[in-house]
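Descriptive structure summary
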Amino acid sequence: MWDERYANEEYAYGTEPNTFFKNVIAQQSLGGSILLPAEGEGRNAVYAAKTGLEVSAFDISIEGKNKAMKLAEKEMVRINYEVGEFFNLSLVNKEYDAVALIFAHFPPQIASKYHHKIADLIKPGGLMIIEGFSVGHLALRKLNPEVGGPGHIDMLYSEETIQRDFPNFEIIQLEEAHVELNEGNFHNGMSKVIRFIGKKIG
């Protein structure tokens, strides 16, 4: 599915960074290294690199990587981008100052496992940043399929699942919010999201 979506010349979710992600980088004065799982076509990775961050990213889609590297070349920045199953990638052997999950929705059978491993990769004092569709988003998706997001409730975020999967983080921000999305062809309209900024303890 993802290779098919990303194979077109047009960027499925646009080339501009996610607004929440962009604002967090500025507000938290992020520096050092950042990991972007399920990064797709690279809009957030390329933006992060333009701010001076050392960027690593991964996805299961080779077409996503191809588009990301094309965008990085256009913007004259460097990103490290790997393709494959998370636990098989070399980037799991490193630590990061921050990790950002931006609309990164994993199947329920692996979501908590991925979240726990991601949390382990963050340095003490580092940040976990999440914006993803909430369980409350399904009703809005039914009204407007163009807003996008998974159609299964067990792939969506809630405040409870965030607290369960990231217990060793001081909560800087955790909320469910209404957001008007305008991201390419597949995120358009009013949505309901979970936003989380957590600082790793210890």
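Structure: above.
The numbering scheme is per chain: residues are counted from 1 as the chain's sequence reads. Only residues with pLDDT of at least 70 get local features here, since the model is predicted, and only at 80 or more are side-chain atom pairs given and counted; chain-wide, interface and lining totals rely on the full set of residues. Processing note: side-chain calculations cover all non-hydrogen atoms of the structure and skip hydrogens and water entirely.

**Quick look at the side chain of Asp-165**
Let me state the cut-off plainly: Going along the chain from the N terminus, every DSSP run of H or I of four or more residues is numbered as a helix, and every run of E of two or more is numbered as a strand. Per-residue accessibility, obtained with a 1.4 Å probe over protein chains only, is compared with the maximum for each type, and a residue is labelled buried under 20%, exposed over 50%, and partly exposed between these values. In protein, a polar contact means a hydrogen-donor-capable atom and an acceptor-capable atom, both N or O and within 3.5 Å, with residues adjacent in sequence counting only if both atoms are side-chain atoms; elsewhere, any N or O pair within 3.5 Å suffices. Contacts are assigned to residue pairs with any non-hydrogen atoms lying within 4.5 Å of each other.
Structurally, the position occupied by Asp-165 is in helix α7 (residues 159-165). Exposure remark for Asp-165: the relative accessible area of 3% places this residue in the buried category. Of the polar contacts made by the side chain of Asp-165, one reaches the side chain of His-115; its length is 2.8 Å. Setting aside its immediate chain neighbours within four residues, Asp-165 contacts Ser-112, His-115 and His-116.

**Re the packing of helix α2 (residues 19-27) against helix α3 (residues 43-50)**
Packed helices, taken two at a time, are described by their axes: the angle between them and the distance between them. Convention followed: Between N-to-C directions, angles span 0 to 180 degrees; the directions come from axes that are lines fitted to C-alpha atoms, helices contributing only their stretch in contact. For classification purposes, angles smaller than 35 degrees are called roughly parallel, those larger than 145 roughly antiparallel, those between 65 and 115 roughly perpendicular, and all remaining angles oblique. In this scheme the crossing of two helices becomes right-handed for a clockwise turn of the near helix relative to the far one and left-handed for an anticlockwise turn of less than a right angle.
Relative to each other, α2 and α3 sit at 20 degrees, their axes nearing to 11 Å. Of the possible angle classes, the one that applies to α2 and α3 is roughly parallel. Where α2 crosses over α3, the two elements pack in a sense that is right-handed. Residues Phe-21, Lys-22 and Ile-25 of α2 form the contact with α3, whose participating residues are Asn-44, Tyr-47 and Ala-48.

**A few points about the nonpolar core**
Side chains of a nonpolar character, in soluble globular proteins, are inclined to be buried together. Rule in force here: Among buried residues, those of type Ala, Val, Leu, Ile, Met, Phe, Trp, Tyr and Cys that are joined through side-chain atoms within 4.5 Å constitute a nonpolar core.
Phe-21, Leu-30, Ile-34, Val-55 and Ile-79 are the most contacted members of the largest nonpolar core, which has 36 residues in total. Discounting chain neighbours no more than four positions away, the residues touching Leu-30 are Ile-25, Leu-53, Ala-98, Leu-127 and Ile-129. If you look at the next biggest cluster of nonpolar residues, it comprises 26 residues, including Phe-86, Val-99, Tyr-114 and Leu-121.

**Regarding α2**
Applied cut-off: Arc, as used here, means the arc of the directions from the helix axis to the C-beta atoms.
Turning to α2, its buried residues number three or more, namely Phe-20, Phe-21, Val-24 and Ile-25. Taken down its axis, α2 places every buried residue within 135 degrees of arc, on the same side. In α2, those exposed residues whose orientation departs by more than 90 degrees from the buried face are Thr-19, Ala-26 and Gln-27. Looking at the buried residues of α2, the elements they touch are β1 (33-36), α3, β4 (96-102), β5 (122-133), β6 (169-183) and β7 (187-200). For α2, the N-terminal capping position is held by Asn-18, with its side-chain oxygen 3.1 Å away from the main-chain nitrogen of Phe-20. Phi turns positive one or two residues past the end of α2, at Ser-29, with a value near 50 degrees.

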